[in-house]
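Letter by letter, the chains look like this.
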Amino acid sequence: MEPPRRFGRPTLEEAAGLRNRVMEETLGLLRVTGISGLSVDEVARLAGVTKRTIYRQFGSKSELVDIVVDQEIDRLQDGILSSTNEASPSGKLQCWARSFFDYVVEPDNASFLNYLCFESIDDPCLRSKLSGWHMRMMDIALQLIGRAQKLGELPLLPPERLAGLLIDLMNGAMHRRRLHLDELLVFVGQTQEDHFRSRWNCFLALANGGCPSDTG
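Residues numbered from 1 in each chain as written. Predicted model: local features only at pLDDT ≥ 70, side-chain atom pairs only at ≥ 80, totals over all residues. Heavy atoms only, no water.

Focus: the overall build of the protein
Across its full length, the protein holds 10 helices and 0 strands. N-terminal to C-terminal, the α/β element order of the protein is α-α-α-α-α-α-α-α-α-α. Residue burial in the protein is summarised as follows: out of 216 residues, 38% are buried. The long-range fraction of contacts in the protein, counting pairs at least 24 apart against all pairs at least 6 apart in sequence, stands at 63%. Of the accessible surface of the protein, which amounts to about 11,700 Å², a share of 54% is contributed by carbon and sulfur atoms. (Helix = DSSP H or I, 4+ residues; strand = E, 2+ residues; numbered from the N terminus. Buried < 20%, exposed > 50% of the residue type's maximum accessible area, 1.4 Å probe, protein only. Contact = heavy atoms within 4.5 Å. Areas by Shrake-Rupley, 256 points an atom, 1.4 Å probe, with all protein chains shown as cover.)

Some details on the nonpolar core
Grouped together as the largest cluster of nonpolar side chains are 59 residues, with contacts concentrated most on Ile-54, Leu-93, Trp-96 and Leu-116. It is helix α7 (residues 124–150) that contributes the most residues to this core, 10 residues altogether. Residues in contact with Ile-54, not counting those within four places in the same chain, are Val-22, Val-40, Val-43, Ala-44, Val-49, Gly-59 and Leu-64. (Core = buried A, V, L, I, M, F, W, Y, C linked by side-chain atoms within 4.5 Å.)

Some points on unusual backbone geometry
In most cases, non-glycine residues show a negative phi, while peptide bonds are predominantly trans. Phi angles above zero are rare outside glycine, and Val-188 is one such case at about 40°. Looking at the secondary structure, you find Val-188 in the loop between α9 (183–186) and α10 (192–207).

Notes on the environment of Leu-93
Among the secondary structure elements, Leu-93 is positioned in helix α5 (residues 89–105). Its relative accessible area of 1% is what places Leu-93 among the buried residues. Remark: the alpha-carbon pair of Leu-93 and Gln-143, spanning 50 residues in sequence, is separated by 9.2 Å. Setting aside its immediate chain neighbours within four residues, Leu-93 contacts Ala-141, Leu-144, Ile-145, Leu-154, Leu-166, Trp-200 and Phe-203.

Some details on the pattern of salt bridges
All chains considered together, the criterion is met by 7 salt bridges. The partner of Lys-51 in a salt bridge is Asp-41, and the shortest N-O contact between them spans 3.6 Å. Of the two residues, Lys-51 is situated in helix α3 (residues 51–58) and Asp-41 in helix α2 (residues 40–47); the sequence distance between them amounts to 10 residues. Given the relative accessible area of 46%, Asp-41 is considered partly exposed. The salt bridge partner of Arg-98 is Glu-193, with a shortest N-O separation of 2.6 Å. You can see Arg-98 sitting in helix α5 and its partner Glu-193 sitting in helix α10, a full 95 residues away along the chain. In this structure Arg-98 comes out as partly exposed when scored by relative accessible area, which is 21%. (Salt bridge = Lys/Arg side-chain N within 4 Å of Asp/Glu carboxyl O.)

With respect to the packing of helix α8 (residues 159–178) against α10
At a minimum axis distance of 10 Å, the contact between α8 and α10 shows a crossing angle of 155°. The pairing of α8 with α10 is recorded here as roughly antiparallel in orientation. At the point where α8 passes α10, the crossing takes the right-handed sense. Across the interface between the two elements, Leu-162, Leu-165, Leu-166, Leu-169, Met-170, Ala-173 and Arg-176 from α8 touch His-195, Phe-196, Arg-199, Trp-200, Cys-202, Phe-203, Leu-206 and Ala-207 from α10. Within the contact of α8 with α10, the residues separate by chemical class into 12 nonpolar, 1 polar and 2 charged. (Axes fitted to C-alpha atoms, helices over the stretch in contact; angles between N-to-C directions. Parallel < 35°, antiparallel > 145°, perpendicular 65-115°, else oblique. Left-handed = near helix turned anticlockwise from the far one by under 90°. Nonpolar A, V, L, I, M, F, W, Y, C, P; charged D, E, K, R; others polar.)

What follows is the structure in structure tokens.
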């Protein structure tokens, strides 16, 4: 049900609520339509505001999209970082990997990332944002891997190689999610918990030069 449309000058609290609602509806539509199909009229209708309110708050459709994308990327990073509270570096790395995995396989988040990847093909600015987000995630993994290596918890291979391997293993289910596959196919017949554990075990086995013969 659409929220009631309010007329007159809103309070500061109401203005903040309207802004958040506009951003939430914009993000929801971006996941479905991308930038090219995004309609400010539809955002206004869903958020229960006028187009004038949106342009007054955000300036333009492009600025609105930029703000929404930046906020969602920050939310992704904050959510992943907040879970790395294990004592040992390898424990922190596993916790970080689990949070990253859980985020990217969540359907709405997978849709958002799918939008980013698709739109960034023809949008250099968005491609730069996506590259920056990837590097921020890599930096966190590199720091945790380096600490684990100093304590002998991981082999002394190039940290960049290990970080890339770990992220690739975590991303597999997200790519299947983006294809709108059945839940059973997304996690190749496993539960989400078991699938993460098997990917983590693969990482440890490959990092140590072994063959992950039993990763379930």
